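Analysis of the macromolecular model
Each chain is listed here by its residues.
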Amino acid sequence: MDCHLAACLKSLRRSILVIGYGNPLRSDDGIGPQVAREVAGWGMPDVEAIAVHQLTPELAESLASVNLVIFIDAYPATLEQDLQVCALEPAESGTPSGHWCAPQVLLAITQALYANCPQGWWVMVPGVNFDLGEGLSPVATQGVATALQEIKYLMHSARTEPCTKLG
């Protein structure tokens, strides 16, 4: 664990939720859960990391009680194999697509149900192998290492105010 980062987080008295999602039985699709397990292993105060197969509306309750949420997922890389990091805002419509939802929709559901939502970031890690299997490709393994550094940065530099109520 990075002691400077842990001290900074403790001084901010904030809570952070890291959600890694994907299917670990589909090779690089398991990037999100792998990153979440590694963040959980840091043992940082006020940081919770969970691994799920997909984002569901039931996660809104957990989001309502944190200041910052970081979503981690894999994306199919082609020639570009860079980590993608996007700030998130709640979607204009909080309607999930079936039993799963995009991060922006999950933020909108949280806003609608709890009149509060955390600051959100989406870390998308490149993957090249989504076939059946449990191992990560070299591209995904490098992406996981880069994502972990980016997550440390996001935790350290995140602003403290939550999203404002929409509409």
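To be clear, the structure that these remarks concern was listed above.
Before going into details, it helps to say that this report is about the structure given with it. (Residues numbered from 1 in each chain as written. Predicted model: local features only at pLDDT ≥ 70, side-chain atom pairs only at ≥ 80, totals over all residues. Heavy atoms only, no water.)

A look at the environment of Val 144
In plain terms, the rule: Numbering goes from the N terminus for both helices and strands, where a helix is a DSSP run of H or I of at least four residues and a strand is a run of E of at least two. Throughout, exposure labels follow a simple rule: accessible area from a 1.4 Å probe, protein chains only, divided by the maximum for the residue type, with under 20% read as buried, over 50% as exposed, and the rest as partly exposed. Contacts are assigned to residue pairs that have any heavy atoms within 4.5 Å of one another.
Mapping Val 144 onto the fold places it in helix α5 (residues 138–157). Residue Val 144 is classed as buried on the basis of its relative accessible area, which comes to 5%. Measuring from C-alpha to C-alpha, the distance between Val 144 and Gly 32 comes to 8.5 Å, with 112 residues separating the pair along the chain. Setting aside chain neighbours within four positions, we find Val 144 in contact with Ile 31, Gln 34, Val 35, Glu 38, Val 125 and Leu 136.

Some thoughts on the pairing of strand β3 (residues 68–76)
This is how it is decided: Should DSSP find at least two bridges between two strands, the strands are regarded as paired.
Counting buried positions along β3 yields eight of nine residues, so the element is predominantly enclosed. As judged from the five bridges shared by strand β1 (residues 16–21) and β3, these two strands associate in the parallel manner. Bridge pairing in β3 links Leu 17 to Val 69. Here β3 pairs with strand β5 (residues 119–127) via nine bridges, running parallel. In the strand pairing of β5, Leu 68 is matched with Gln 119.

The values reported here are purely geometric and, on their own, carry no functional implication.
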